[in-house]
Structures are given as structure tokens and as C-alpha cells.
Amino acid sequence: MARAFSEIAFTPAVRAAQERQGSAKVYQKFLAPEAERADRIGPDEAAFIEARDGFYQATVSETGWPYVQFRGGPAGFLKVLDDQTIAYADFRGNRQYVSTGNLSGDDRISLILMDYPNRRRLKLFGRARLVEKDDEPGLIDRVHVEGYKARPERAVIITVEGMDWNCPSHIPARLTREELEPHLAPLKQELGRLQAENAALKQMLGAAS
Ligand SMILES: Cc1cc2nc3c(=O)[nH]c(=O)nc-3n(C[C@H](O)[C@H](O)[C@H](O)COP(=O)(O)O)c2cc1C
């Protein structure tokens, strides 16, 4: 657990809850000046971020409501621009623009990135800047995944302020269709071989009777 993340997440009310529940002492050390800040994206985080094909994103509305939305795309659509910056192309969708509107009033954003098969998750806090396509076309080209069938409207550039690797507890080890395919391929092959063998045996039995 990192100091940068704890400084944002452990508000006075959170610290009070930790006190009541008896975990305050354990978490106090992550707020100590000597604790590692860990607010920079290292090679492990970068590889994890760039392998994702989706993430959950929370923004804050002007009435104070949290708003969570899933953003999906081809693996690698969430890009690491440098050790403090990640970005993605925001595609045209249902045109409600809830996240876009929220971020125009409050740039605070929180993402949770899931790796279900390996039961890993990375949480991060950041501040988002929205860059409309027409304002900086070169930027969209940089963050959009070439060939993906979606219409990018803007780039969402996130300056990361804190990160935390969450423990694997209670993460179901589910696979996407693409992740499942290499496991299914040998089974399909074996099924085909058995079906052919079965047909040949049936034919032999038919011929013998
Ligand atoms: C035609 C159409 C296309 C969509 N394409 C995407 C997409 O490529 N990726 C995605 O995460 N959501 C897609 N969505 C779902 C939402 O529209 C999208 O997540 C949108 O950005 C929601 O933003 P908001 O909830 O912040 O308003 C699509 C929806 C529609 C109706």
C-alpha cells in the first residue's frame, strides 16, 4: 500500500472508521512521511495497464453523487504516456455524456482495472483532462487504437495521483472468450478426432451386421 493513495483515501471519516474497527494502527504506517509515495507508474503497473480491455471509472457529479461507468475497448486502449500519465480515446456511445459532464466540473477520477484470470486489480486516483478531437487531432491519433471500429470523440488524459494494488480476495477467476480460446482449441481438436473415430467405428459395425 502506498502513501500517495492512502493520503487521498484515508480521509478523517475513514480514519475514524479504522479506529472503531481496530485497523487504524496497521494503516497509520502508510501515512508516515517515510512510507513510499509510489505515485509513479513503474514497469509492472505499465504492463498491467496496457494489457487491459476495459476498466471501471468513477467520476463525481456536481451534486456530489459518485458515477461509475465501464469503459471497454481493444486490449491496449488504455495507454501509458509517461510515468504519471495514462490516456484513452473516449468513443462515441449513447451520447448521455455523464462522465464527460462530470469531469468538466470536477477533474477527479478513480479507476479500477481488473485482471480476472490472474485475479489482480489495480486502483488509481487521478485528475482528468478532456481534449476534444478537433482541438488536438494529433493527440487522438496517439491514443486511439488503429483499426478499432469506434468513433473517438475526445482524449481523456489522466494524471495519476495515487495507486494501490488490491489483494486477490473475492475476485472470480473468469475468462473472456479470447482468453478461453487457447484452452478450448485442444479440446475441440480432441472432440473432432473422437467424432471421426466414432463415425468410423459405427461404419465398421454397420458393415459387420
Ligand atoms: C452505439 C453505441 C456504441 C457504444 N460504444 C461503446 C464503446 O465502444 N466502448 C464503451 O465502453 N462503451 C460504449 N457504449 C456504451 C456507452 O455509450 C459508453 O460507455 C458511453 O461512453 C457512456 O458514457 P457515460 O455513461 O459517461 O455517459 C456504446 C453505446 C452505444 C449506444
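Worth saying up front: this structure is predicted, and the values here are computed from it rather than measured.

The rules we used
Positions within a chain are numbered from 1, following the residues in the order the chain's sequence is written. Confidence filtering applies because this is a predicted model: local features only for residues at pLDDT of at least 70, side-chain atom pairs given and counted only at 80 or more, and all residues used for totals across whole chains, interfaces and linings. Think of the side-chain values as coming from all heavy atoms in the structure, minus any hydrogens and water. Secondary structure elements follow DSSP: runs of H or I no shorter than four residues count as helices, runs of E no shorter than two count as strands, and numbering proceeds from the N terminus. Note on method: radius of gyration uses C-alpha positions; expected globular size equals 2.2 Å times residues raised to 0.38. Categorising residues by exposure relies on relative accessible area from a 1.4 Å probe, with only protein chains included: less than 20% of the type maximum marks a residue as buried, more than 50% marks it as exposed, and the intermediate range marks it as partly exposed. Here, residues are in contact when the closest pair of their heavy atoms is within 4.5 Å. Shrake-Rupley sampling with a 1.4 Å probe provides the accessible areas, and residues are treated as covered by the protein chains on show and by no other component. One heavy atom within 4 Å of a molecule or strand makes the whole residue count as near it. By the criterion applied in these results, polar contacts are pairs of N or O atoms within 3.5 Å in which, for protein atoms, one can donate a hydrogen and the other can accept it, and in which residues neighboring in sequence qualify only through two side-chain atoms. The nonpolar class holds Ala, Val, Leu, Ile, Met, Phe, Trp, Tyr, Cys and Pro. Asp, Glu, Lys and Arg form the charged class, and all remaining residues, Gly among them, are polar.

Caption draft 1: Structural view of the overall build of the chain. Looking only at helices and strands, the chain has 7 helices and 7 strands in total. Expected size for 209 residues packed as a compact globule is a radius of gyration near 17 Å; at 24 Å, the chain overshoots this value by more than 25%. Taking the principal axes of the C-alpha coordinates as reference, the chain spans close to 85 × 50 × 35 Å. When the 209 residues of the chain are sorted by exposure, 35% land in the buried category. In the chain, the proportion of contacts linking residues at least 24 apart, taken out of those at least 6 apart, comes to 70%. Looking at the chain as shown, the accessible area adds up to about 13000 Å², and 53% of this sits on carbon and sulfur atoms.

Caption draft 2: Quick look at the site of the ligand. In the neighbourhood of the ligand, 13 residues make up the surrounding shell, with Tyr67, Gln69, Gly72, Asn94 and Ser99 lying closest. Residue Tyr97 places a main-chain N or O atom 3.2 Å away from an oxygen atom belonging to the ligand. In the complex, the protein chains occlude 66% of the 620 Å² of accessible area that the ligand would expose alone. Those elements giving two or more residues to the shell around the ligand turn out to be strand 2 (66-72) and helix 5 (98-105). Counting residues per element, the shell around the ligand draws most heavily on strand 2, at 5 residues. Here the shell around the ligand is composed, by residue class, of 5 nonpolar, 6 polar and 2 charged.

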